[in-house]
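In case you want the letters, here they are:
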Amino acid sequence: MNENLFTPFTIPMMLGIPITTLIIMFPTMLFPTPNQLINNRMITIQQWLTKLTSKQLMNTHNPKGQTWSLMFISLFLFITSTNLLGMLPHSFTPTAQLSMNLGMAIPLWAGTVVMGFRNKTKISLAHLLPLGTPTFLIPMLVMIETISLFIQPLALAVRLTANITAGHLLLHLIGSATLALVNISLFTALITFTILTLLTILEFAVALIQAYVFTLLVSLYLQDNT
């Protein structure tokens, strides 16, 4: 395993050139375009999961919000595939980079906010001031609500980055401990290996859940502004 604890989070280079773009584009090969009348099992399962996720995300949206369904499904599949890509040995996890997650969160959040102020200006402004607020608290609450509004994309990006980074670091630490304990106590190494296996299964679940949570929160922001 890597000696440096943070090596899995460094940008990979080949001949001095970053290959992050190639790595990010690699998961698209996992979603082939069906070109037959009867799909195989893999494409059928992918389409079923896509329809199920789309139904869960867009069930509460009005017709204007449902026009974002293609973007949400693309976002969910992209984050899921890149999260799972990081579970491969000696691979790179793009979603462990805060800059990339901010690059996804800020435009999506800004799009929902701009849409809200454009189509429902009064309602969007009313969200900055709770109903029944005392007069002397109005300036302070408006400032607090405005700050909380601008913190939303940062919270989106940090949540995804923290969960992916914490899981990978924990797997790295327990894996290193297992290798070190093999020569000391085989029974203890077996216990830590069992824990490592369970955490690996949990990390696969976290990769899927965090992709769904990120997409769901953007969907909720859209719902509040449509």
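Residues numbered from 1 in each chain as written. Predicted model: local features only at pLDDT ≥ 70, side-chain atom pairs only at ≥ 80, totals over all residues. Heavy atoms only, no water.

Under an unreviewed UniProt entry, the name given to the chain is ATP synthase subunit a, and the source organism is Monodon monoceros. One UniProt comment on the chain, placed under Catalytic activity (unreviewed entry), says "H(+)(in) = H(+)(out)". Per UniProt, the comment on the chain under Subcellular location (unreviewed entry) is "Mitochondrion inner membrane". (UniProt positions renumbered as here; feature names shortened; annotations may be inferred.)

Novice: Looking at this structure, how should I read helix 7 (residues 138–182)?
Specialist: Within an α-helix, residues lying three or four positions from one another point in the same direction, as the helix has 3.6 residues per turn. Between the first and last C-alpha of helix 7 there are 63 Å, a value that for 45 residues agrees with the 66 Å anticipated at 1.5 Å per step. Where helix 7 bends most, the angle comes to about 35°, and this point is I151, followed within four residues by the proline P153. (Helix = DSSP H or I, 4+ residues; strand = E, 2+ residues; numbered from the N terminus. Expected span 1.5 Å × (residues − 1). Bend = angle between axes of the 7 residues up to and from the residue.)

Novice: Is there a simple way to think about the environment of A177 in this case?
Specialist: Structurally, A177 is set in helix 7. A C-alpha to C-alpha distance of 7.9 Å links A177 and A189, two positions twelve residues apart in sequence.

Novice: What am I meant to see in the nonpolar core here?
Specialist: Soluble globular proteins: nonpolar side chains tend toward being buried together. F72, I79, L156 and F214 are the most contacted members of the largest nonpolar core, which totals 25 residues. Here F214 is in contact with L75, I79, N101, M104, A105, L108, L156, A157 and L160, once residues within four sequence places are set aside. Grouped together as the second largest cluster of nonpolar side chains are five residues, M87, L171, L196 and L199 included. (Core = buried A, V, L, I, M, F, W, Y, C linked by side-chain atoms within 4.5 Å. Buried < 20%, exposed > 50% of the residue type's maximum accessible area, 1.4 Å probe, protein only. Contact = heavy atoms within 4.5 Å.)

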